[in-house]
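# Commentary on secondary and tertiary structure
Spelled out, the chains give:
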Amino acid sequence: MDGLKRHLNESVQLKLSFTLSLAILAVAIMAGVFSFLSAFDEAHELQDDVLRQVAHLMDRQRLSPSTPKIDPMLKDVDEESRVIVQRLGDSNPAGASVDAGGTLSLPTTLADGLHTLDIDGETFRVLVSTTAAGERIAVAQEAGFRNEIARDWALRTVMPFLILVPVLLLIVADLVRKMFQPIAALSKEIDQRAEQYLHPVEHGHLPVEVRPFAVAINRLLARVGQSMDSQRRFVADAAHELRSPLTAMSLQAERLADTEMSYMARERLTVLRQGIERGRGLLDQLLTLAKVQSATELPKSPVSVQAIYRRVLEDLMPLAEAKQIDIGVEGELDAEVWASELDMIALVKNLVDNAIRYTPEGGRVDISVGVSERKAVLRIQDSGPGITLAERDRVFNPFYRTLGSEQIGSGLGLSIVQTIANRIGAEIHLDFANEAQQTGLNVAVIVPMR
Ligand SMILES: Nc1ncnc2c1ncn2[C@@H]1O[C@H](COP(=O)(O)OP(=O)(O)O)[C@@H](O)[C@H]1O
Ligand SMILES: [Mg+2]
């Protein structure tokens, strides 16, 4: 019972159907009872009228009931509706039953008028009247006859309601479902949105009752958008502000490196310079992340993937060479994706940068592009340690770095990649490059083409 109560409270559809069917059922029962009672009265009236008419007829026609005798023909007459006319006090031939033509055993003391009598287990409606000739006659009919009429009438009244209930329930269910469809569609649309899409939801097509709710959501989205924008601006401004002093420090350190110093001092200076470089790398990544997270859509155009690869390799080749990493683009096949060139460069650069950084010296990085189902598949495979299954979701979180990675880094690269992928409608898959040994990272980015 509690379960039903809880369901009723939770579902408008169920509540509406339940309430409506209860209402219909109540109306049906009331109508049924009312019509049964009125039909019953009607039937009573009707039967009494019939008895009176017969008595009246007997009187007017100066008819007298015949002497009772056994009559086999009577068996075919419908006993329920049969009208029995007899003189009060008539004896019953050989105790014959009424059905065979015998008389009703009526007390002669019966007063004139209508009576309901139980005779031999059957209920009869009896009209006793004294004819003009002074004869006391009884006109009788089974009471069951009127009850049957009343029952039929009542059933006929209730029947439409019984058909109406399921039909109305279906209509209500369908109506409520249709009414809630726009809401279901809206929640699905909101569910599928990436976090940076905070534009207001359409509410013109929603039921009036729900619109205030949608307006409230829009207001919330606007507030969230503003606070995210101000946060992003803060991060970007902070990164900007920090950039020039850090650049100055790195320049200072470079100039210091040119001066004479002890071995210890040079050691310390190297660590200092690495720290400064890490800081500068972090700032760059923060700025890039703030930029790609901002809602402003960069203009999209057909972008050649091979061209992007060439640009990125130009930038990162020194890093790869420094680690003697064998890096190259496999195959000539090119594909044109529909995206902003800047986005594509930032996406590919972060992935190739990771592949180079996390692949040990002398390792290998293969870059390729393929096309399947009208989508370009950008693939970057390396011979590094790879990323375990457990960590594959977390590495996309800002500032997340896998334990034990000696490489300097900010932990922002993959979250920049994820944000750009969301924006251009791309999917990212991480697998091991070598499934058997569970090593190496095989990154596939599936990007829609025009
Ligand atoms: N190609 C890769 N091979 C192994 N581990 C990787 C690779 N790319 C990323 N990772 C892991 O994922 C983490 C997050 O990467 P990323 O967001 O680019 O941050 P960062 O490179 O600045 O550390 C890295 O710290 C590293 O542990
Ligand atoms: Mg990185």
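Provided above is the structure to which this section pertains.
Summary of the structure given here. Fair warning: this is a prediction, and the values are worked out from it, not measured in the lab. (Residues numbered from 1 in each chain as written. Chains lettered and ligands numbered in written order. Predicted model: local features only at pLDDT ≥ 70, side-chain atom pairs only at ≥ 80, totals over all residues. Heavy atoms only, no water.)

## Observations concerning the nonpolar core
Counting residues in each nonpolar core, the largest one holds 58 residues, and the members touching the most others are Ile327, Val352 and Leu378. The element best represented in this core is helix 7 (residues 341-358), accounting for nine residues. Discounting residues that sit within four places of it in the chain, Val352 has contacts with Val312, Leu316, Ile327, Ile367 and Ile380. Formed by 12 residues, the second largest nonpolar core is a distinct cluster that contains Leu88, Leu110, Leu117 and Ala138. (Core = buried A, V, L, I, M, F, W, Y, C linked by side-chain atoms within 4.5 Å. Buried < 20%, exposed > 50% of the residue type's maximum accessible area, 1.4 Å probe, protein only. Helix = DSSP H or I, 4+ residues; strand = E, 2+ residues; numbered from the N terminus. Contact = heavy atoms within 4.5 Å.)

## Some thoughts on helix 6 (residues 305-322)
Taking 1.5 Å per residue as the helical rise, helix 6 with its 18 residues ought to reach 26 Å, and the 25 Å between its terminal C-alpha atoms agrees with that figure. Of all the bends in helix 6, the greatest reaches close to 50° and is centred on Leu316; the proline Pro318 follows between one and four positions later. For helix 6, the complete set of buried residues consists of Val305, Gln306, Ile308, Tyr309, Val312, Leu313, Leu316 and Ala320. The inward-facing, buried residues of helix 6 contact strand 5 (301-304), strand 6 (326-329), strand 7 (336-339), helix 7, strand 8 (364-372) and strand 9 (375-382). Between the side-chain oxygen of the N-cap and the backbone nitrogen of Gln306 there are 3.4 Å, and the N-cap of helix 6 in question is Ser304. Downstream of helix 6 by a residue or two, Gln324 has a phi angle that is positive, lying close to 45°. (Expected span 1.5 Å × (residues − 1). Bend = angle between axes of the 7 residues up to and from the residue. Polar contact = N/O pair within 3.5 Å; in protein donor to acceptor, adjacent residues only side chain to side chain.)

## As for the site of ligand 1
Close to ligand 1 lie 18 residues, the nearest being Arg401, Thr402, Ser410, Gly411 and Leu414. Interatomic distance of 2.9 Å between a side-chain N/O atom of Asp382 and a nitrogen atom of ligand 1. At 2.6 Å, a side-chain N or O of Arg401 approaches an oxygen atom of ligand 1. A total of 530 Å² of accessible area belongs to ligand 1 in isolation, and the protein chains cover 96% of it. Listing elements by their share of the shell around ligand 1, those giving two or more residues are helix 7 and helix 8 (413-424). At three residues, the largest contribution of residues to the shell around ligand 1 is made by helix 7. Classifying every residue of the shell around ligand 1 by side-chain character gives eight nonpolar, eight polar and two charged. (Near = heavy atom within 4 Å. Areas by Shrake-Rupley, 256 points an atom, 1.4 Å probe, with all protein chains shown as cover. Nonpolar A, V, L, I, M, F, W, Y, C, P; charged D, E, K, R; others polar.)

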